[in-house]
Amino acid sequence: MTDATVQPGAEGRPAKSGSLLEQDARTKRRNAAEARFKFYGMAAVGIGVIFLILLLVSIVRNGVPAFTQTFVTVPIYLPEDKLDKSGVRDPDVMRKVTTFGYAPLLDDALVKTLEENGIEMPFAKPAKLRDMVSSSAAAQVRDTVLANPDLIGQTVDFKLLASSRVDGYMKGRVTRESLARDKNLDAEHLDIVDQLHDLGALERSFNWAFIFGSDASESRPEQAGLGVSMVGSLFMMIVVLVLSLPIGVAASIYLEEFAPKNRWTDLIEVNISNLAAVPSIVFGILGLAVFIQFAHLPMSAPLVGGLVLTLMTLPTIIISTRASLKAVPPSIRDAALGVGASKMQSVFHHVLPLAMPGILTGTILGLAQALGETAPLLLIGMVGFIASNMPDGVAAGFLSPNSAMPAQIYEWAKRADPAYYERAWGGIIILLVFLMTMNIIAILLRRRFERRW
Amino acid sequence: MPALWIFIAVLVLAVLGFVLGRQRALAMVDGDSRHLHSLPNYYGFHVGIWALMPALLVLAVWLIVQPMLIDTSVKSMIPDTSYTTAGELSLVMSDVRRVADGLDLAVERGALTADEAMSLDAGATDVRALLGGVGVAIGSDVQPAVLEAAQAYRASTATGNMVRTVIVLLLALGGLGWALSRTAPDFRARNSVEKATLGLLIAAASIAILTTLGIVLSLIFNTIEFFKLYPASEFFFGTTWAPSFGGGSELGILPLFWGTFYISIIALAVAVPIGLFAAVYLSEYAGPKIRAVAKPMLEVLAGIPTIVYGLFALVTVGPMLVNVFGNEGALGLGWMSGGTAVMTAGLVMGIMLIPFVSSLSDDIINAVPQAMRDGSLGLGATKSETVKQVVLPAALPGIVGAVLLAASRAIGETMIVVMGAGAAARLSLNPFEAMTTVTAKIVSQLTGDADFASPEALVAFALGMTLFVITLGLNIFALYIVRKYREQYE
């Protein structure tokens, strides 16, 4: 073949353009565009991942300190003449001595601690020393004494909460410079704190009260905990689970197995897909208008929160339940019908049990979504008050005002004190641990029971 | 008897009915279930359902209707002179209810005997102090008319409750007896039970419609109430948002709209390019290993509650932006004075929406048939040319749908804007200024002890209505586009 022997580059074209191994300008440009495009894609994924890491780092860095708290160990003498004049050790009589009666004991104990350890006392008034410990300290001593009257007359070691400024200093949040504008604590306090820390009387330890305790007023961030709102969330989740699982499953069974194709079912389908995309705040308005304005259910009650969240999660649960019902092959139904089962029996005895793992997975994910939801709870009044008491009893748990974990976090974030930001981040860690656990359970359920037909 | 006890009693009757029905059916055929039309349990369920369902239905309806009826009749007892507007009437009514509840509580605690409570005289006894003693706080001294209304309220509630108990229990017993009498070996118990079950399933499915109906009704009624107090034209076209609970508020929605719109645009400007490129990369370029790692990581972003993003905006992103764009910032521009700003909220909301856009687009890009890619590659196009000129145009309607859904999410998002965008309603072009949105104002107008009669509280329902209509329109439009597109390739 003569064509094959034609010399490349012989007819005036530049010699190198003929080789496949060398790219011409256009190919180079196209390849560069290709590489650029691929880079954009990688960058986009990278940015997403970076954002995630930034978010997680921010959560962990800001939130982990909330789990430790600074405590001061002080030996306090409990004089009989002040705390129990009658001498009969009757808690009901001793209740008359208020926390104001206990405060001087704290002052004396602190002054004495300083003296014994050879620390110079910088203040004229001993009461000024008390700024170092939480304003709840007197109540703590009082509660201990009332619970155990025999302690009176002895010197007892108390582990007192340090005030939030001292705690912030130990965690590096508060510095001497920032204290210059702060009337709650002076730099002299910090000198004492340093010396006490060296002596081991003041130290940071794990703070269980943050996880299991109750919320505190705005001036006592060191005392605030998430426990009560966790209970509120628990009761809400019980309502959501008890209502949304049966209703969601029943609705899905009807739509997937029985519904004839008519206007009514079309209407239901359209409604469900739209409800899934309605902003959550609108469900809050619904809850306010229907459950509180119209039905006169109590404000801030976990029952109302649970009802609102149920309506909000139903579409999610229905959509996932229908998907898992659809995944059960028709041969199962045919076999059941073939041996004489009714349609209802085939669904309830055969299809439903096979779809159950998928349904449970979807339900857990729906619950996780409900657990993290905040906006509707704001409207039905689950913020703005101090969730300071554990509900007494199951009925009170559903009906008496309470907060919920995300609502409590929002409440903390709104308070001006930066010590509460730390609490809010810490609360987020707890919330995320719950969500992660639920998601992991869902994934495990899916892995363990998922069937490929 | 309280409703809960009635409920439990009916439940017990139903269980009893189940046992009786089953036994009776078996006894009729001397224990040989082969002679029954249905399995023995179905006879039990049949009786149980008849004992339970009619009684519970009546109980539910009664619980809703009785308070409404009593309210209307008590309302007519309150003299016209003691109120001028509907709002005041509802305040008086809530006083009446509180007094009535307080008296019940006083009787229960033993502070009063039942007879004393019935014969109270507002002139002779200090009802307010009395109720304060049992822990019911009344705002003002109790007027004679209010006390009288409260007594009537108590009396009719007591009668109503008694009649309710009797009727519901009779109905449960009657249903039980009737179903029991129908039990016979050739009675088709299974068919009857299955029919009832189907009814339950339909009822459960209809809850979705009820929810929508509830949303629409609660929004519409309160919005109408609002427009009676405040002109609609000023609401929709007013450019000032200055609510004051003392009266004389200006409630123009335009500044809120602008804030919502601005924040959503910034959020989409962040989320759409990143989400789209991420979706293209993950579905067209990435190997299975990268996909297995990167995809779940992006999806984690979607699973994080919005309160977390809100705090992230407030505490981390806001100050970070101030450090760059603030008065003493790295760039020395002085554009930003506080951490809460349109940019802060928009940026964080954009991060939140990335996984939303990317997973929706991923699905849509994957739905483009492989043959179209192969054809393009076969003609010598590079991969990126194939994506740009073949895959994306084919997927465009779906991607537009995804973007619209993301926009609807951005408009309805609450926590991020409540915490990150600030509270000032203003019409400004500077993205580093604090602005506020429709959702944030719904929250601020409805939290706390608002009375639902003032325009300042009711405006939240009008805002909610606008929000609902806009997001619903966007959703329907987006779903329509996505569906239409899907049909092309299936």
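This structure is a prediction, so every number in the text was calculated from the model and none was measured.

### Let's talk about the overall build of chain A
Argument step 1. Assigned secondary structure in chain A consists of 19 helices and three strands.
Argument step 2. Taking 2.2 N^0.38 as the reference for a compact globule, 453 residues should give roughly 22 Å; the C-alpha atoms of chain A span a radius of gyration of 33 Å, well beyond that estimate.
Argument step 3. If you line up chain A on its principal axes, its C-alpha atoms span 115 × 80 × 40 Å.
Argument step 4. Counting all 453 residues of chain A, 42% fall into the buried class.
Argument step 5. Intrachain contacts of chain A at a sequence separation of at least 6 include 77% that bridge at least 24 residues.

### Some points on the overall build of chain B
Argument step 1. In terms of helices and strands, chain B carries 17 helices and two strands.
Argument step 2. Taking 2.2 N^0.38 as the reference for a compact globule, 490 residues should give roughly 23 Å; the C-alpha atoms of chain B span a radius of gyration of 32 Å, well beyond that estimate.
Argument step 3. Residue burial in chain B is summarised as follows: out of 490 residues, 42% are buried.

### Some details on the sheet that holds strand 3 (residues 202-206) of chain A
Residue and element names in this part refer to chain A.
Argument step 1. Taken together, three strands build an open sheet; the order of strands is 2-1-3 and the sheet is antiparallel. At either end of the open sheet lies a strand with only one pairing partner, and these are strand 2 (155-161) and strand 3. In this sheet, neighbouring strand axes are inclined to one another by 40° on average, regardless of whether the strands run parallel or antiparallel.

### Notes on the domain arrangement of chain B
Put simply, an interface is often sized by how much accessible area is lost when its parts join up.
Argument step 1. Domain boundaries in chain B define domain 1 (3-187) and domain 2 (241-489).
Argument step 2. Taking the mean C-alpha position of each, domain 1 of chain B and domain 2 of chain B sit 48 Å from one another.

### Considering the nonpolar core
Argument step 1. Formed by 187 residues in total, the largest nonpolar core has its most connected members in B:Leu311, B:Val348, B:Val357 and B:Ala406.
Argument step 2. For this core, the leading source of residues is helix 9 (residues 254-285) of chain B, giving 18 residues.
Argument step 3. In contact with B:Val357, other than residues within four places in its own chain, are B:Ala271, B:Val272, B:Gly275, B:Leu276, B:Ala402, B:Val403 and B:Ala406.
Argument step 4. Of all hydrophobic cores here, the second largest spans 30 residues; its members include A:Ile76, A:Tyr102, A:Leu105 and A:Val145.

### Some details on the pairing of strand 1 (residues 68-77) of chain A
Residue and element names in this part refer to chain A.
Argument step 1. Inspection of the sheet shows strand 1 paired to strand 3 by five bridges, in the antiparallel sense. Within strand 3, the residue paired with Val-72 across the bridge is Leu-202.
Argument step 2. Sheet analysis places strand 1 next to strand 2, joined by seven bridges and oriented antiparallel. Opposite Thr-73, over in strand 2, you have Lys-159 as the bridge partner.

### Section: the interface of chain B and chain A
Argument step 1. Counting residues at the interface gives 68 residues for chain B and 67 residues for chain A.
Argument step 2. Tallied by class, the residues present in the side of chain B that touches chain A amount to 44 nonpolar, 21 polar and three charged.

### Concerning the confidence of the model for chain A
Residues and elements named next belong to chain A.
Argument step 1. The pLDDT averaged across chain A works out to 85; a share of 95% of its residues lies at or above 70.
Argument step 2. Below a pLDDT of 50 lies the segment residues 1-6, which in the model reaches zero contacts outside its immediate sequence neighbourhood of four places, other chains included.
Argument step 3. Ignoring residues within four places in sequence, the model shows residues 8-13, a span with pLDDT below 50, making four contacts including any to other chains.

### What to know about the environment of B:Ala106
All names here are of chain B.
Argument step 1. If you trace the backbone, Ala-106 turns up in helix 3 (residues 86-109).
Argument step 2. Note on Ala-106: 22 C-beta atoms within 10 Å, which makes it buried.
Argument step 3. Distance in space between the C-alpha atoms of Ala-106 and Val-322 is 58 Å, their sequence separation being 216 residues.

### A short note on unusual backbone geometry
Argument step 1. Backbone geometry at A:Ser300 places phi at a positive 65°, although glycine is not the residue there.
Argument step 2. Mapped onto the secondary structure, A:Ser300 falls in the loop between helix 12 (280-294) and helix 13 (302-326).
Argument step 3. A positive phi angle is found at B:Asp30, which is not glycine, with a value near 55°.

### Brief notes about helix 2 (residues 40-75) of chain B
Side chains of residues three or four places apart in an α-helix project in the same direction, reflecting 3.6 residues per turn.
Argument step 1. Taking 1.5 Å of rise per residue, the 36 residues of helix 2 of chain B would be expected to cover 52 Å, and the 53 Å separating its terminal C-alpha atoms lies within 8% of that figure.
Argument step 2. Taken as a whole, helix 2 of chain B carries its principal kink of about 30° at B:Trp62.

### Details of helix 9 of chain B
Argument step 1. Given a rise of 1.5 Å per residue, 32 residues ought to cover 46 Å, and the 44 Å separating the end C-alpha atoms of helix 9 of chain B matches this to within 8%.
Argument step 2. Judged by how many residues are buried, helix 9 of chain B sits mostly within the fold: 24 of 32 residues are covered.

Cut-offs applied
- Residues numbered from 1 in each chain as written.
- Chains lettered and ligands numbered in written order.
- Predicted model: local features only at pLDDT ≥ 70, side-chain atom pairs only at ≥ 80, totals over all residues.
- Helix = DSSP H or I, 4+ residues; strand = E, 2+ residues; numbered from the N terminus.
- Rg over C-alpha atoms; globule rule 2.2 N^0.38 Å.
- Buried ≥ 20, exposed ≤ 12 C-beta atoms within 10 Å, placed from the backbone.
- Contact = placed C-beta atoms within 7 Å.
- Pairing = 2+ DSSP bridges.
- Axes fitted to C-alpha atoms, helices over the stretch in contact; angles between N-to-C directions.
- Domains from an automatic or database assignment.
- Core = buried A, V, L, I, M, F, W, Y, C linked by C-beta atoms within 7 Å.
- Nonpolar A, V, L, I, M, F, W, Y, C, P; charged D, E, K, R; others polar.
- pLDDT = per-residue confidence, 0-100.
- Expected span 1.5 Å × (residues − 1).
- Bend = angle between axes of the 7 residues up to and from the residue.

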